[in-house]
Amino acid sequence: MRAWLMDSAEGVERLRLGEVADPRPGPTQVLLRMRVAALNPADAFLARGMYPAKPPLPHILGRDGVGDVVTAGPGVDNVRVGETVGILRCEVGVDVWGTLAEHVVVPMESVTRVPPGWSLEEMAGAPLVFLTAWQALTQWHDPPTPPPAGSVLLLTGASGGVGIASLLLGKSMNLTVVALSRSAEKGARLKLLGANVVCDPTDSNLVDAVKAAISPRRVDLAVDSVGGALLTQVIALLGYGGRISVVGRGGGTVPDFNTASLLFRRIRIGGVSIGDYTGRAAHTAWREIVNRLDAMGQRPQVDTIVPFEDVKAGFVRLAQGPMGKVLVRVAG
Ligand SMILES: NC(=O)c1ccc[n+]([C@@H]2O[C@H](COP(=O)([O-])OP(=O)(O)OC[C@H]3O[C@@H](n4cnc5c(N)ncnc54)[C@H](OP(=O)(O)O)[C@@H]3O)[C@@H](O)[C@H]2O)c1
């Protein structure tokens, strides 16, 4: 099969379109012929060696996607050959070969049918970012529970994959959403998707602008995809008992962080890890996500679809800051 091969930890710029033998499904695994794959920043981090996983080389990146079941290994009882399925979070593209290839092997517990009425493109890029957003929004209670209706939710990187997923799920929970984007154009689109307030994170008056917009409330929960210097401003916006679900750190390390800023408002910071989902928990969360999107008449947002041969251009688009998902049409 043709696949984008990662031969070294020198970045996605060094990926190579090559030929490797088709993988074969083992017990309880299925072989998919890929139709549409999705790119994630984690692919680019892994390709630079900036990710916990160190898979054997050559590796094939790609964690999300939709494909047709072409072979089912022994013991597969939840899907049939010929069905088109999406991939829920698993080790695909992390420790084992991923979806930037014509074929991929996936555990049967990690496939799910495309929801009725959804396009293959809408499905292909949704699971990783929506499951991440779901964990970020619900992780503060056991069992996972949405924040109370009316809570104020702040999103950094709101136009990205996780940001838009958090916005849509936040609106399904009747939250007031403050979305941060450096782009006025993307900010306008975030408003159309339901953001109550949109601000530019590079505005030197960011804290005052957000405070004025939500007064007399303060932020109850922040989903932070950016980190860096923005984190201290996010903390400044939190009210008593405010929480930050830390998703990503594209903005770099946090300078001059004073832990005293957490004390008097009893602020809590907690990491989010998509890798923590078991197959069963991912299916439970995914059903909830699909039901909520369907109830609102909303769908995952697609920014760009590149041909299979143009995966590197897709990664360039991802690094620029897309509005939604960057997808790769593998076949059909
Ligand atoms: N913890 C987990 O399990 C998990 C799961 C999924 C993703 N992640 C991580 O979460 C982060 C976001 O993922 P994603 O898929 O949403 O990425 P994405 O689609 O690339 O979106 C990130 C958005 O953040 C904004 N941004 C980027 N750099 C920024 C900066 N320096 N300052 C302010 N805003 C900046 C951009 O929006 P604007 O251009 O509109 O400002 C961009 O669209 C990544 O680091 C990813 O690796 C973690």
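## A look at the overall build of the protein
The secondary structure content of the protein amounts to nine helices and 15 strands. What you see for the protein is a C-alpha radius of gyration of 20 Å, in line with the 20 Å of a compact globule of 332 residues. Considered along the principal axes of its C-alpha atoms, the protein spans approximately 60 × 40 × 35 Å. Every one of the 332 residues in the protein was classed for burial, and the buried ones make up 45%. Considering only contacts in the protein between residues 6 or more positions apart, those separated by 24 or more positions represent 68%.

## Examining the domain arrangement of the protein
Structurally, the protein comprises domain 1 (2-125 + 300-329) and domain 2 (129-274). Between the C-alpha centres of domain 1 and domain 2 the distance comes to 29 Å. Taken together, the nine residues of domain 1 in the interface contact ten residues of domain 2. When the residues that make up the side of domain 1 that touches domain 2 are grouped by side-chain class, the tally is two nonpolar, five polar and two charged.

## Overview of the pairing of strand E8 (residues 152-155)
Taking every second residue as pointing to the same face, both faces of E8 are buried, with Val 152 and Leu 154 on one and Leu 153 and Leu 155 on the other. Handedness of the β-α-β unit built from E8, helix H4 (residues 161-172) and strand E9 (residues 176-180) comes out right-handed. Bridge analysis of E8 against strand E11 (residues 219-224) gives three bridges, and the strand direction is parallel. Pairing of Leu 155 across the sheet is with Val 223, part of E11.

## A look at helix H9 (residues 311-320)
When H9 is considered as a whole, its buried residues turn out to be Val 311, Gly 314, Phe 315 and Leu 318. Buried residues of H9, seen end-on, are gathered within an arc of 100° and therefore sit on one face of the element. Considering only its buried residues, H9 is in contact with strand E1 (2-5), helix H1 (41-47), strand E14 (302-307) and strand E15 (325-329). Once H9 ends, the next one or two residues include Gly 321, with phi positive near 100°.

## A look at the sheet that holds E8
The parallel open sheet is built from six strands, whose spatial order is E10-E9-E8-E11-E12-E13. Each edge of the open sheet is held by one strand with a lone partner, namely strand E10 (197-199) and strand E13 (268-271). Averaged over all pairs of adjacent strands, the angle between their axes in this sheet comes to 20°, without regard to strand direction.

## Some words on the nonpolar core
Core analysis: the largest hydrophobic core is formed by 96 residues, its most contacted members being Ala 133 and Ala 179. Looking at this core element by element, the count peaks at nine residues for helix H3 (residues 126-138). When we break this core down by domain, the ones giving at least three residues each are domain 1 (2-125 + 300-329) and domain 2 (129-274). With residues up to four places along the chain from it excluded, the contact list for Ala 179 reads Leu 155, Ala 158, Leu 167, Leu 190, Ala 195 and Val 198.

## What about the packing of H3 against helix H8 (residues 279-296)?
Where H3 contacts H8, the two axes come as close as 10 Å, and the packing angle between them is 95°. When the interaxial angle is binned, H3 and H8 end up roughly perpendicular. Every residue of H8 that contacts H3 at Pro 127, Phe 130, Leu 131 and Trp 134 is listed here: Ala 282, Ala 285, Trp 286 and Ile 289. By residue class, the composition of the contact of H3 with H8 is eight nonpolar, no polar and no charged.

## Remarks on the site of the ligand
By nearness alone, 31 residues border the ligand, and Gly 157, Gly 160, Gly 161, Gly 248 and Gly 321 come closest of all. Counting contributing residues, the shell around the ligand receives three or more from each of domain 1 (2-125 + 300-329) and domain 2 (129-274).

Rules used in this analysis
- Residues numbered from 1 in each chain as written.
- Predicted model: local features only at pLDDT ≥ 70, side-chain atom pairs only at ≥ 80, totals over all residues.
- Helix = DSSP H or I, 4+ residues; strand = E, 2+ residues; numbered from the N terminus.
- Rg over C-alpha atoms; globule rule 2.2 N^0.38 Å.
- Buried ≥ 20, exposed ≤ 12 C-beta atoms within 10 Å, placed from the backbone.
- Contact = placed C-beta atoms within 7 Å.
- Domains from an automatic or database assignment.
- Nonpolar A, V, L, I, M, F, W, Y, C, P; charged D, E, K, R; others polar.
- Right-handed = clockwise from strand over helix to strand, strands pointing away.
- Pairing = 2+ DSSP bridges.
- Arc of directions from axis to C-beta.
- Axes fitted to C-alpha atoms, helices over the stretch in contact; angles between N-to-C directions.
- Core = buried A, V, L, I, M, F, W, Y, C linked by C-beta atoms within 7 Å.
- Parallel < 35°, antiparallel > 145°, perpendicular 65-115°, else oblique.
- Near = placed C-beta within 6 Å.

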